[in-house]
Amino acid sequence: MVEASRRDLAVAKDRSDHSLYARTVALAYQQATSGNLTSAEDLLASLPETLRFQWEHVHGLCHAEIVQLEGMDTPARRLAMAFDGIHVVAASYRADNKLYRWDIANGQPTEMQSLPC
C-alpha cells in the first residue's frame, strides 16, 4: 500500500513537473516572439535542462540575428547551412549553375563558384 502511494505520488509529481516545464517554455516563447528577450531568458534559466529541444529552440530565438545575404543576382533555389556552422550556401534559381557561400556572422559573400552542367 505504501509503495503504491509512493509510485502514484512520483507519477503525479512527474506530470506536474512536465506541465510546469511546458507552460514555462510556452511563456518564454511568447516573451521571445514579443521582443521581451530578457524576460524569456530569465524564464528559461529557471528551468532544469530537460526536454532540450524546446529549451534550445526558444533560447535560439532570444539570440537570433537577422542577416541579409547580398550578392546573388537571381533568387535562391536552395539554401542550406554549411557543415562548418559559420557559412550559408545557396544555389541560384536560374540555370546559371552558380553556387554562393556567405559568412553568417556578417552576411558577406565569401565565395561564388560556377558549377559544371
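Residues numbered from 1 in each chain as written. Predicted model: local features only at pLDDT ≥ 70, side-chain atom pairs only at ≥ 80, totals over all residues. Heavy atoms only, no water.

Asks: Which residues make up the environment of Glu-41, and what values go with them?
Replies: Its location among the elements puts Glu-41 in helix α2 (residues 37–45). Excluding its chain neighbours within four sequence positions, the residues that come into contact with Glu-41 are His-59, Cys-62 and His-63. (Helix = DSSP H or I, 4+ residues; strand = E, 2+ residues; numbered from the N terminus. Contact = heavy atoms within 4.5 Å.)

Asks: Describe α2, listing the residues and the values that go with them.
Replies: Among all positions in α2, only Ala-40, Leu-43 and Leu-44 are buried. Viewed along the axis of α2, the buried residues span an arc of 100°, placing them on a single side of the element. Opposite its buried face, α2 presents the exposed residues Thr-38, Asp-42 and Ala-45, each directed more than 90 degrees away. (Buried < 20%, exposed > 50% of the residue type's maximum accessible area, 1.4 Å probe, protein only. Arc of directions from axis to C-beta.)

Asks: So what's going on with the pairing of strand β2 (residues 87–92)? Which residues, and what values?
Replies: Among the six residues of β2, five are classified as buried, and the element is accordingly described as predominantly covered. Alignment of strand β1 (residues 76–81) against β2, held across five bridges, turns out to be antiparallel. From the neighbouring strand, Leu-79 faces β2, where its bridge partner is Ala-90. Here β1 folds back onto β2 in antiparallel fashion, the turn holding five residues, of which Gly-85 has a positive phi close to 75°. Across five bridges, the pairing between β2 and strand β3 (residues 98–103) is antiparallel. From the neighbouring strand, Ala-90 faces β3, where its bridge partner is Tyr-100. (Pairing = 2+ DSSP bridges.)

Asks: Run through the packing of aromatic side chains, naming residues and quoting values.
Replies: One pass over the structure, following the stated rule, counts one aromatic pair. Both rings, one in Tyr-100 and one in Trp-102, keep their centres 6.0 Å apart while their planes meet at 15°; by these two values the pair is stacked. An identical accessibility class is assigned to Tyr-100 and Trp-102; each is buried. (Phe/Tyr/Trp six-rings, centres within 6.5 Å; stacked < 30°, edge-to-face > 60°.)

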